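# Observations on the model geometry
As a plain string of letters, each chain reads:
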Amino acid sequence: MRNEHLLKHLRHFRVVAVAPEGSLWSELCEGAGECSAMSYAEASERSFQANPHLVLLAFDAARLKDPHFLGGLKRIREARPWQIMLFCDEADSPVAREFALKLHAYGPYSTPESGEALRQALLTALPGMIERLQEQTRAAQLQKISDLSPAQVLLSGSGKVLVANRKARELFGSRETAAIGEKLAETGIGKGVGSDEDVVNVEIGDGKYLLHKSGEEGGGTLLTFVVSPFGCEEGGGSLSRVECIERLKDRMAQHLESESAMHLLTARIANYETIIRNYGWMRAHAVVKELLASMANHFGPTECAGVWHKDMPVLLFGPASFEASKEALESFAKELGFLDFGDDVALSVDFVLIEAVGEDLNGIINVVERSYEGDLSVADTRGVRVFGTGSGSRAEADEEELLLQLFTNIMANHQPLKLFNIYKGLPISTPATILKVEEGRILLKVEKIQKFVIELEQKVVMQSPNLPKDVEAEVYLVDARKPLVMVKRPRLLHASLNNRKHTRVGLPSRLPVVIKVEKKHYTGYLRDISIHSAAAYFNAGKFAEEELKGKKARISFRLPWENEEGSVTLDLGAEILFNRDEGDEHKVVLVLEHDETSESRIFDYVYRRQRELIREIKSKIV
C-alpha cells in the first residue's frame with residue numbers, strides 16, 4: 001500500500017524514457033505519471049532541460065557501439081539522475097546484467113508490453129530505490145560531519161609537524177608544515193603543553209581553543225583544536241579550579257552575616273574514562289559542561305559554576321537550608337537517568353554536598369579533594385556538614401517504578417507506542433496498545449508478526465516519544481490464542497536500536513570466510529551482512545579484544561547467488577571496526593570497501609534475503 005501511495009506521487013518526479021527511435025515508450029510512459037520519451041539521438045544531441053529524477057533506459061545489446069546510444073548515455077550520466085532503471089528484451093542475458101552493474105542501474109527488467117506492466121515494474125523497484133536514496137543521504141551527512149571536523153596536527157616523536165588537516169592549515173594560515181610548526185612554537189603550543197589526559201585552554205590569534213593531546217610516549221602526538229564555547233567571565237561560562245576557589249572565598253565572606261549558608265555541590269563522573277573510550281574526549285568534555293548546566297538549572301540561586309577537575313563539575317548555590325539542599329540533590333540524582341546527554345551517553349555520578357559556612361576555606365577544599373580521591377574520612381568532615389549520594393543508587397532502584405508510571409501515562413492519554421525486535425538481522429517494528437499496567441507488569445495488544453518474534457526472543461524493546469530512551473522488557477506471558485503479550489521488569493537502554501546504521505540480514509547457514517590482516521590469514525564464517533559491513537565469527541580466544549581494531553584487511557567469501565554455480569566470489573578491502581569475544585565465539589566486524597560490482601551484488605542479496613525472511617515469518621504465523 002505504501003508503494004502504491006508513492007507511485008501516485010511519481011507524477012511529481014521528472015521521469016525520462018530513453019529508447020530507440022520508433023519504439024512505443026511514449027505510450028508506455030502514460031502509466032508512469034508525467035513521463036517524457038526521447039530517442040538515443042535526441043538524448044545525445046541536447047542536454048536535459050532539468051536534471052531528471054528517474055531515467056528509464058531501453059537497452060539493446062546490438063547498439064552498444066552506436067554513437068547515438070553512447071552519446072545519449074553520456075548525457076544521462078552528466079544529468080546525474082536519482083536512479084536509472086534498465087529495460088531489455090533479453091533481460092536475463094549476461095550482457096544486459098553486466099551493463100546494469102556497470103551503470104549501477106536497477107534491473108535489467110523485461111521490456112514492458114503495456115503501461116500497467118511498466119507500473120508493476122516501478123512498484124517492484126521502489127523499495128530498493130528508496131533505501132539506496134537513504135544510503136546516499138546518510139553518506140552526504142557523514143561527509144558534512146567530516147567537513148565540520150576539528151583542526152588537527154600530527155607531530156613526530158621529536159615534535160616536528162608531520163601532517164596538518166585542512167582546518168589546521170586554515171587555523172594557522174599556512175599550507176606548509178614547517179610554517180605551522182614555527183607558529184606552534186611561537187604560541188608556546190607543542191608536545192610540552194597539557195598531557196594525554198587533560199583538555200587545556202589555548203589562545204591562537206584572537207581565538208580561544210580547547211587543546212587535547214593523544215599518542216604514545218616516545219611516539220607521534222596528535223593535537224586536536226576545538227573552538228572553546230566556554231569563557232571565564234563574571235556571571236557566565238564555567239570557571240577553572242583556581243577561579244572556583246577564588247569565587248568560593250569571596251562568596252563565603254559575603255555571606256558571613258547570613259542566617260543561611262552557601263552550599264557547594266561536587267559531581268564526579270565515575271565513568272568519565274569509559275565515555276572517552278566509547279565516544280571520544282570531545283564528547284566527554286561536552287558531557288561535563290552539559291551536566292554542569294543541568295545542575296545550575298536545578299539548584300539556585302547559583303553563585304558560580306565551574307570545573308574543579310576535568311571529570312568533576314562544581315556548583316556554589318544558596319542561601320538555603322541544608323535539609324532543603326539535600327532533598328533537591330536526591331531529586332536531581334533520581335532524575336539524572338532521564339536527562340538526555342546525546343549519543344545515548346549514560347552517566348554514573350557521585351555527588352557530595354558541602355555546607356560552606358564560616359571562614360574555614362581550607363577545610364572545604366580538603367573535603368573536595370579527599371572526596372574526589374575517594375579517601376574522605378570522618379576526621380576530614382569535622383566541623384563541616386557533608387552529604388553524599390550517587391546517581392546509580394536510589395535512581396536505579398526507582399527506575400522501574402518511574403517507567404511503569406510513564407507507561408501508565410501513555411495508556412491513559414492514548415499516546416503512541418511501537419515495539420521493536422530483530423529477527424535474524426531483520427528489524428521488526430509495529431505499533432502496539434497498552435491495555436493494563438498492574439503489579440509491575442504491562443499488558444500489550446500486539447500484531448501477529450511482532451508476537452511471533454517476541455515469543456522467540458523472550459524480550460521486546462518499547463519506543464515512544466513520551467519515553468526518555470528505548471525501554472527493554474522481559475516477556476512474562478504470551479497468550480496462545482489472542483494477540484496479547486505481558487511483559488515485566490522494564491529498564492532503560494543506553495544505546496538506541498535506531499542507531500543501526502545499515503539494514504543487515506542474518507545468513508541462512510554458516511558461510512565460510514577468510515580475512516587477511518597484514519600477512520596472516522584467518523578462517524571463520526559470516527553471521528550477518530549489510531551493504532556496508534559484515535560480521536565474521538572465529539573460535540573464542542582467537543584474538544585479544546580490540547587487537548585488530550582500525551586495521552586494514554581483505555575479506556573474501558562466496559555469496560549465495562541465483563546462477564549456474566549457486567554463488568559469486570567477492571574479495572574486498574575492509575577496515576576492522578572492532579573485535580571481541582562473545583560467549584563461545586570471537587566476533588569481528590568489518591566495514592567494507594566496495595567497487596560498483598560488489599556493492600550491487602551485496603545490495604541485491606540483502607534485498608532478496610529480506611524478502612525471504614519476511615516470507616519465512618509469514619509462513620509461521622498463518
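Above this text you will find the structure in question.
Criteria and thresholds
Residue numbering note: each chain is counted from 1, following its sequence as written. Reporting in this predicted model follows two pLDDT cut-offs: at least 70 for local features of residues, and 80 or more for side-chain atom pairs to be given and counted; totals over whole chains, interfaces and linings ignore these cut-offs and use all residues. Hydrogen atoms and water are omitted, and side-chain values are computed over all heavy atoms in the structure. Relative accessibility thresholds used throughout: buried, under 20% of the residue-type maximum; exposed, over 50%; partly exposed, between the two (1.4 Å probe, protein chains only). Helical segments are the DSSP runs of H or I of at least four residues, strand segments are the runs of E of at least two, and each set is numbered from the N terminus. At least two DSSP bridges between two strands are needed for those strands to be called paired. Given the number of residues in a helix, its expected span is that number minus one, multiplied by 1.5 Å. Helix axes are fitted only over the stretch in contact, all axes being lines through C-alpha atoms; the angle between N-to-C directions runs from 0 to 180 degrees. Two residues form a contact once any of their heavy atoms are found within 4.5 Å. Three residue categories are used. Nonpolar comprises Ala, Val, Leu, Ile, Met, Phe, Trp, Tyr, Cys and Pro, charged comprises Asp, Glu, Lys and Arg, and polar comprises the others, including Gly. For this analysis, a nonpolar core means a set of buried residues of the types Ala, Val, Leu, Ile, Met, Phe, Trp, Tyr and Cys, connected via side-chain atoms within 4.5 Å. The aromatic pairing rule takes the rings of Phe, Tyr and Trp, using the six-membered ring of Trp, and pairs them if the centres are within 6.5 Å, calling planes under 30 degrees apart stacked, those over 60 edge-to-face and the rest tilted. Only when the NZ atom of a Lys or the CZ atom of an Arg is both within 6 Å of the ring centre and within 35 degrees of the ring normal do we say a charge sits over the ring.

## Quick notes on the pairing of strand S12 (residues 302–309)
Of all eight residues that make up S12, six are buried, and the element is covered over most of its length. The sheet contact formed by S12 and strand S13 (residues 312–317) spans six bridges and is antiparallel. Each bridged residue has a counterpart across the sheet, and for Cys 304 the counterpart in S13 is Leu 316. Hairpin geometry of S12 and S13 is characterised by an intervening segment of two residues between the two adjacent antiparallel strands.

## A look at helix H13 (residues 361–373)
Along its 13 residues, H13 runs 19 Å from first to last C-alpha, staying within 8% of the 18 Å computed at 1.5 Å per residue. Listing the buried residues of H13 in full gives Leu 361, Gly 363, Ile 364, Ile 365, Val 367, Val 368, Glu 369, Ser 371 and Tyr 372. Looking one or two residues past H13, Gly 374 carries a phi angle of roughly 75°, positive in sign.

## Brief notes about the packing of helix H4 (residues 67–79) against helix H5 (residues 94–103)
One can describe the packing of H4 onto H5 by two numbers: an axis separation of 13 Å at closest approach and a directional angle of 35°. Residues Phe 69, Leu 73 and Arg 77 of H4 lie in contact with H5, whose contacting residues are Phe 99, Lys 102 and Leu 103. Grouping the constituent residues of the contact of H4 with H5 by class yields four nonpolar, no polar and two charged.

## Brief notes about the nonpolar core
Residues Val 18, Trp 25, Leu 56, Leu 57, Met 85, Phe 87 and Phe 99 are the most contacted members of the largest nonpolar core, which totals 38 residues. When contributions to this core are tallied by element, the ones reaching two or more residues are strand S1 (15–19), helix H3 (40–45), strand S3 (54–59), H4, strand S4 (83–88), H5, strand S5 (106–110) and helix H6 (115–147). The biggest single contributor to this core is S3, with six residues. Here Leu 57 is in contact with Val 18, Tyr 40, Leu 73, Ile 76, Ile 84, Met 85, Leu 86, Phe 87, Phe 99 and Leu 103, once residues within four sequence places are set aside.

## Some points on the sheet that holds strand S18 (residues 433–438)
Across the sheet, seven strands lie side by side as S17-S16-S20-S21-S22-S19-S18; this open sheet has antiparallel pairing. Strands at the two margins of the open sheet, each flanked by one partner only, are strand S17 (426–431) and S18. Neighbouring strand axes in the sheet, compared pairwise and without regard to direction, differ in orientation by 35° on average. Of the pairings in the sheet, the one linking strand S20 (residues 459–463) to strand S21 (residues 471–478) comprises four bridges and is antiparallel in character. Opposite Lys 459, over in S21, you have Glu 474 as the bridge partner. The sheet strands contacting helix H15 (residues 448–457) are strand S16 (418–423), S17, S20, S21 and strand S22 (484–492), and the helix crosses S16 at an angle near 60°.

## Quick look at the packing of aromatic side chains
Inspection of the entire model under this criterion finds 11 aromatic pairs. Between Tyr 525 and Tyr 537, the aromatic rings sit 5.9 Å apart at their centres with planes inclined by 25°, giving stacked as the arrangement. Placement of Tyr 525 in strand S24 (residues 520–530) and of Tyr 537 in strand S25 (residues 533–539) is noted, with a sequence separation of 12 residues between them. Through pairs of rings, three or more aromatic residues link up here, namely Phe 299, Phe 317, Phe 332 and Phe 351. Directly above the ring of Tyr 476 sits Arg 441, whose terminal nitrogen or CZ lies 4.0 Å from the centroid. The ring of Tyr 537 carries the charged tip of Arg 527 above its face, separated from the ring centre by 4.1 Å.

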